[in-house]
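Understanding the architecture of this molecule
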Amino acid sequence: MSKKHPIISVTGSSGAGTSTVKGTFDQIFRREGVTAVSIEGDAFHRYNRADMKAELERRYASGDHTFSHFSYEANVLDELERVFREYGETGGGRTRHYVHDEDEAARYGAPPGTFTDWAAFEDGSDLLFYEGLHGAVVNGEVNLAKHADLKIGVVPVVNLEWIQKIHRDKASRGYTTEAVTDVILRRMHAYVHCITPQFTETDINFQRVPVVDTSNPFIARWIPTADESLVVIRFKNPRGIDFPYLTQMIEGSWMSRANSIVIPGGKMDLAMQLIFTPMIERLVSQSKRA
Ligand SMILES: Nc1ncnc2c1ncn2[C@@H]1O[C@H](COP(=O)(O)OP(=O)(O)OP(=O)(O)O)[C@@H](O)[C@H]1O
Ligand SMILES: O=C(CO)[C@H](O)[C@H](O)COP(=O)(O)O
């Protein structure tokens, strides 16, 4: 936690929708005049694509069938923690990009499956924004959760998460359904052990729930739309959250528990704006006074 240089961490599995949520934050930052530096979790993978394939094969041959990008060891989480700490203390730090495809290759000037060079953050930012797989990890080696001032979990129910991943990886990364299914299976062990524990560390979780049948996610022809889903929003600490205001402003919403509200899928962007704008304002004004 850093009053002077706050950190917001958005955490979710691959395909959960963290990049989509980043879009909403970018809108809030622009409207509120907040200068954020952003880092992508994939920048902190340990291996480039070729080395990851070799490492997977090596581990598979030695009987380890659980290794994947979700595993702690497949990522340089100590470096991520160092960047979080440095940013909290000084407002400085560094990041790079993992280049997934040809579009990103054209944007970043490095081939798909490789990293760009590390580059220092620009000076003078108001906050650091992380979006990725491991932004709230607490294990024997690192404690990323304690460095972040606002932690958000993005967690569709699992069938929907798989549908979103399959569709995104097929449409924009050129993979087949079979290839994505293999990846989902290979990552399951680390999904349970490395990804899900973070959602007890997060301050607010957004869980999209479809209201159409997704019982076979591997043949779904499209991602359930906003109208075909609800979102459960759960606050770890509901004290200070103005639930009557939120349920009044968000048409069709209701409280399902003392710390949770349910909203129509199409209202997720509005809900995020209503919830996060005052939180971001508070983080930035506290940092200016610190
Ligand atoms: N609220 C939503 N409603 C409908 N579709 C969504 C929603 N959120 C995400 N999606 C869709 O799910 C897919 C994955 O979303 P996104 O790229 O944001 O995931 P991600 O968590 O950033 O994945 P990765 O970390 O692997 O890049 C995209 O096709 C996106 O359009
Ligand atoms: O979404 C991911 C993790 O969040 C990707 O699977 C990961 O970044 C590796 O990508 P690729 O399979 O394209 O090398």
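As annotated in an unreviewed UniProt entry, the protein chain carries the name Phosphoribulokinase and comes from Maritimibacter fusiformis. Recorded in UniProt for the protein chain, the comment headed Catalytic activity (unreviewed entry) runs: "D-ribulose 5-phosphate + ATP = D-ribulose 1,5-bisphosphate + ADP + H(+)". One UniProt comment on the protein chain, placed under Sequence similarities (unreviewed entry), says "Belongs to the phosphoribulokinase family."

Moving on to the site of ligand 1. In the vicinity of ligand 1 lie 14 residues, with Ser14, Gly17, Ser19, Thr20 and Arg168 positioned nearest. The separation between an oxygen atom of ligand 1 and a polar side-chain atom of Ser19 is 2.4 Å. Within the side chain of Gln164, an N or O atom sits 3.3 Å from an oxygen atom of ligand 1. If you list the elements that add at least two residues to the shell around ligand 1, you get α1 (18-32) and α5 (158-173). Across the shell around ligand 1, the residue classes tally to two nonpolar, eight polar and four charged.

Turning to the sheet that holds strand β9 (residues 254-257), a few remarks are in order. If you walk across this open sheet you meet the eight strands as β2-β5-β1-β6-β7-β8-β10-β9, and the pairing is mixed. Lying at the two open borders of the sheet, with one neighbouring strand each, are β2 (36-40) and β9. Neighbour-to-neighbour, the strand axes of the sheet open up by a mean angle of 20 degrees, direction not taken into account. Sheet topology places strand β7 (residues 204-210) next to strand β8 (residues 229-235); seven bridges connect them, and they run antiparallel. Bridged to Phe206 within β8 is Ile233. Against the sheet, α1 contacts β1 (7-11), β2, β5 (127-132) and β6 (150-154), and its axis sits at roughly 160 degrees relative to β5. This element, helix α3 (residues 77-90), spans β1, β2 and β5 of the sheet and lies at about 160 degrees to β5.

Surveying the vicinity of ligand 2 reveals the residues Ser14, Asp42, His45, Arg49, His69, Tyr98, His100, Leu133, Arg173, Tyr175 and Arg187. Contact distances for ligand 2 include 2.9 Å between an oxygen atom and a side-chain N or O atom of Ser14. A distance of 3.2 Å separates an oxygen atom of ligand 2 from a polar atom in the side chain of Arg173. Isolated, ligand 2 exposes 370 Å² of accessible area, and the fraction of that covered by the protein chains is 89%. Along the lines of polarity and charge, the residues of the shell around ligand 2 split into three nonpolar, four polar and four charged.

Moving on to the pattern of salt bridges. In the structure shown here, the tally under the stated rule is 15 salt bridges. The partner of Lys22 in a salt bridge is Asp26, and the shortest N-O contact between them spans 3.0 Å. Taken together, the residues span about one helical turn, with Lys22 and Asp26 both in helix α1 at a distance of four residues. As a salt-bridge pair, Glu55 and Arg58 come within 2.9 Å of each other at their nearest N and O atoms. With Glu55 and Arg58 both in helix α2 (residues 49-61), this residue pair falls three residues apart, about one helical turn. Accessibility expressed as a relative area gives 11% for Glu55, which makes it buried. Using a relative accessible area of 48% as the deciding quantity, one classes Arg58 as partly exposed. What you see here is one network of salt bridges that share partners, running through Glu55, Arg58, Arg59, Asp64 and Glu73.

Thresholds, definitions, all that
- Residues numbered from 1 in each chain as written.
- Chains lettered and ligands numbered in written order.
- Predicted model: local features only at pLDDT ≥ 70, side-chain atom pairs only at ≥ 80, totals over all residues.
- Heavy atoms only, no water.
- UniProt positions renumbered as here; feature names shortened; annotations may be inferred.
- Near = heavy atom within 4 Å.
- Polar contact = N/O pair within 3.5 Å; in protein donor to acceptor, adjacent residues only side chain to side chain.
- Helix = DSSP H or I, 4+ residues; strand = E, 2+ residues; numbered from the N terminus.
- Nonpolar A, V, L, I, M, F, W, Y, C, P; charged D, E, K, R; others polar.
- Pairing = 2+ DSSP bridges.
- Axes fitted to C-alpha atoms, helices over the stretch in contact; angles between N-to-C directions.
- Contact = heavy atoms within 4.5 Å.
- Areas by Shrake-Rupley, 256 points an atom, 1.4 Å probe, with all protein chains shown as cover.
- Salt bridge = Lys/Arg side-chain N within 4 Å of Asp/Glu carboxyl O.
- Buried < 20%, exposed > 50% of the residue type's maximum accessible area, 1.4 Å probe, protein only.

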